[in-house]
Amino acid sequence: MPDAVADAAAKLQLGDAPADNGAKLQLDEETGEWVSKGELKKRLAKRAKKALKEKNKDANDTSAAPKAAQDAATTKKPKEKAEEGPLDPDAMFKQGFLNDVYNERPVKPVFTRFPPEPNGFLHIGHAKAIAVNFGFARYHGGKCYLRFDDTNPEAEEEIYFTAIEEMVRWLGFEPYKVTYSSDNFDRLYELAEKLIGLGKAYVCHCGDEEIKLQRGGEKGTSPRYRCKHAEQSVEENLQKFRDMRDGKYKPREAFLRMKQDITDGNPQMWDLAAYRVLDKPHHRTGSKWKIYPSYDFTRNFEGITHSLCTTEFFLSRTSYEWLNKQLVEFQPMQREYGRLSISGAVLSKRKLKELVDKKIVRGWDDPRLYTLIAVRRRGVPPGAILEFVNELGVTTSNSIIQVTRFEQTIRRYLERTVPRLMLVLDPVPVVIEDADEFDGTEVTAPFSPKNPAMGDHKIKFTKTVYIDRSDFREVDSKDYFRLAPGKTVGLLQAPFPIKATSFTKDEATGKVTEVRAVFDRETKKPKTFIQWVPAGEGSGSRKCEVRLYNPLFKSDNPAAAEGGYLNDINPESEVVYPNAVIESGFDEVRARAPWPEAAGEDKQHKGGPESVRFQGMRVAYFAVDSDSTDDKIVLNRIVSLKEDKEKS
């Protein structure tokens, strides 16, 4: 007996483990079970044969079907997926649209800018803009400014400035300088007076209805005409503009318009606003100014060589170039690329605010949203976002990408960059009655069977272990391969498989409260292996709350839902497991975070709680949530282990 115990104990060490016991097991993606390579091959062949049989049954050419099925069954073998490596991170700059943009103006040094308005939190679409502008400059050896377009004090708050800069740095980019449009309010005012002096701007007193008529009416069918105030003299316009500056006009009583070309077919040339009166102190300049420049008038003074923006600004390029020619010698080159949207996501600030105010979500950073602070809290690594943008490439077409494609990129990225741990969502204790000799011994488990550099860790094997409720059935069936009375299943890295002998239930709830089992020392290769977590004090296991996130909306287009997007809320968008348990390796994973060290999380301990990421074996990919404390671990599901077939 001592020899048998010694042999079994030796199996607990990874280096001596049999090929089928953990490190070389493969995931059956259809059932979520870990099985031996041979068992997986048999299952795949059986499914392929069944699928081909069903396909041929529906085919028109029934006479050829039997032979085709026979040939396929005897000659075709299921192919294993090739390991997918990351795309060249500079691919989108080496080819296609962005390569053409640079070749159109191949200057050195390159200067670009990312110019957000600080009136809200950035969303997933902004990640593309950040990657394009900062990445383009970096690839060509240049610099990129983070320039806040802070020209509307009515909508701007300090929290947005802070969050925007955090997101840029989290994605791994370092601004050359952080600048503000408000840095140049004095210079912009001087340029406005210069434009008036050139006879290219005038102070207008028209209301909204009159301006609408000047631009062709409601449907654009009536003749366009210029505002009568355009006939005022330069001197009169200068005086009125100075009166605007000095607070002699209330908001909407007067505004400065550029004198462009009302006959042009481009609406962005129809005498746009340059300055308006706002009775609101500015967060940086205080009460100095009563007037503020519009987006269309605000110029950059940083010597930008390539002004890269999304296609909604395509028509604005004409007015942008017109104004530059009037006022400055240096001409930046503006080019437009397609914006990025995710299906089923709401990105409108108004709608997001409604979701937050009505407490449908936890806040602006709720992991079900697609603000960047929410995506970060969910646990999506910044490197995965950059990889996603790079995979899509950059063109002039706007794109609405299926959320499953985004999640697939995240899944591939996590597969090669994060460690694996055993986690049980809904624990049921299993007492292994003949495991006394192994109680308290240690199991050596790899953090990644594919990447030895991640190392390994020790887990205590205990006589009582937790398995997931879904891995036990009271009544066995032929197509079920996990634990049931009289049935054997493997425990990952354990010395022997176990066989269930009995179970007890709570009479009130009908739920199984305990399973009794014994080691099955005769079965060499169980068909399936499941994860487990040791029970009891001294095991190092930790209780945790696990939040599984599903799409917030039931449809891909919530805005088109009957009754509005609030009627499209998915009641199962957050499923909470309050009593989950995780093995002791979690403490080492947390101490060694971030996983991975990449982008803005490029150094140990550089990153928030969400940088503690891992694969819960047979469950999903997880990250620590910001609600966690020293006494309570809260985990968010980042993505599932495989794509949800119903979603796709």
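What counts as what
Residues numbered from 1 in each chain as written. Predicted model: local features only at pLDDT ≥ 70, side-chain atom pairs only at ≥ 80, totals over all residues. Heavy atoms only, no water. UniProt positions renumbered as here; feature names shortened; annotations may be inferred. Helix = DSSP H or I, 4+ residues; strand = E, 2+ residues; numbered from the N terminus. Buried < 20%, exposed > 50% of the residue type's maximum accessible area, 1.4 Å probe, protein only. Contact = heavy atoms within 4.5 Å. Areas by Shrake-Rupley, 256 points an atom, 1.4 Å probe, with all protein chains shown as cover. Expected span 1.5 Å × (residues − 1). Salt bridge = Lys/Arg side-chain N within 4 Å of Asp/Glu carboxyl O. Core = buried A, V, L, I, M, F, W, Y, C linked by side-chain atoms within 4.5 Å. Phe/Tyr/Trp six-rings, centres within 6.5 Å; stacked < 30°, edge-to-face > 60°. Pairing = 2+ DSSP bridges. Axes fitted to C-alpha atoms, helices over the stretch in contact; angles between N-to-C directions.

- For the protein chain, the name recorded in an unreviewed UniProt entry is glutamine--tRNA ligase, with Thermothielavioides terrestris as its organism.
- According to the UniProt record, the Catalytic activity (unreviewed entry) comment for the protein chain reads "tRNA(Gln) + L-glutamine + ATP = L-glutaminyl-tRNA(Gln) + AMP + diphosphate".

Section: the overall build of the protein chain
Reasoning step 1: Tallying secondary structure elements over the protein chain gives 16 helices and 29 strands in all.
Reasoning step 2: Counting only residues that meet the buried cut, the protein chain has 50% of its 648 residues in that class.
Reasoning step 3: Put simply, 69% of the contacts in the protein chain that link residues at least 6 apart link residues at least 24 apart.
Reasoning step 4: Counting only carbon and sulfur atoms, one obtains 49% of the accessible surface of the protein chain, whose full area is about 30,800 Å².

Here's the deal with helix α7 (residues 158-170)
Reasoning step 1: Given a rise of 1.5 Å per residue, 13 residues ought to cover 18 Å, and the 18 Å separating the end C-alpha atoms of α7 matches this to within 8%.
Reasoning step 2: Within α7, burial applies to Tyr160, Phe161, Ala163, Ile164, Met167, Val168 and Trp170.
Reasoning step 3: Check the buried side of α7 and you find it contacts β3 (111-114), α6 (124-139), β4 (143-148), β5 (178-180), α13 (372-378) and α14 (382-392).
Reasoning step 4: Positive backbone phi, at 100°, marks Gly172, one or two positions downstream of α7.

Some details on the pattern of salt bridges
Reasoning step 1: For the structure on display, the rule yields 51 salt bridges.
Reasoning step 2: Taking the shortest distance from any N to any O, the salt bridge between Arg242 and Glu193 comes out at 2.8 Å. Highlighted residues: Arg242 in helix α10 (residues 234-245) and Glu193 in helix α8 (residues 185-197), separated in sequence by 49 residues.
Reasoning step 3: Residue classification places Arg242 among the partly exposed residues on the basis of a relative accessible area of 31%.
Reasoning step 4: Put simply, Arg362, Asp365, Arg377, Glu545, Arg547, Glu574, Asp625, Asp627 and Lys632 are held in one network by salt bridges that share partners.

Let's talk about the nonpolar core
Reasoning step 1: Ile385 and Leu635 are the most contacted members of the largest nonpolar core, which totals 82 residues.
Reasoning step 2: In terms of residue count, α6 provides more of this core than any other element does, nine residues in total.
Reasoning step 3: If near-sequence neighbours (up to four positions away) are discounted, Ile385 is found in contact with Ile124, Ala127, Trp170, Leu171, Leu372, Val375, Val380 and Phe406.
Reasoning step 4: Phe472, Ile498, Ala517 and Val581 belong to the second-largest nonpolar core, a separate cluster that totals 32 residues.

Some remarks on the packing of aromatic side chains
Reasoning step 1: Taken as a whole and assessed by the stated rule, the structure comprises 30 aromatic pairs.
Reasoning step 2: For the pair Phe111 and Tyr176, a centre-to-centre distance of 5.9 Å together with 55° between the ring planes defines the contact as tilted. Placement of Phe111 in strand β3 and of Tyr176 in the loop between α7 and β5 is noted, with a sequence separation of 65 residues between them.
Reasoning step 3: On the basis of an interplanar angle of 70° and a centroid distance of 6.2 Å, the ring pair of Phe438 and Phe496 is categorised as edge-to-face. Here Phe438 is found in the loop between β16 (427-432) and β17 (442-446), whereas its partner Phe496 is found in the loop between β20 (488-491) and β21 (498-505), with 58 residues between them in sequence. Assigned by exposure class, Phe438 and Phe496 land together as buried.

So, the sheet that holds β4
Reasoning step 1: Taken together, three strands build an open sheet; the order of strands is β3-β4-β5 and the sheet is parallel. Single-partner strands in this sheet number two, and they are β3 and β5. Strand-to-strand twist of the sheet, defined as the mean angle between neighbouring strand axes without regard to direction, takes the value 35°.
Reasoning step 2: Both β3 and β4 contribute to a ladder of four bridges, which runs parallel. Each bridged residue has a counterpart across the sheet, and for Phe111 the counterpart in β4 is Lys143.

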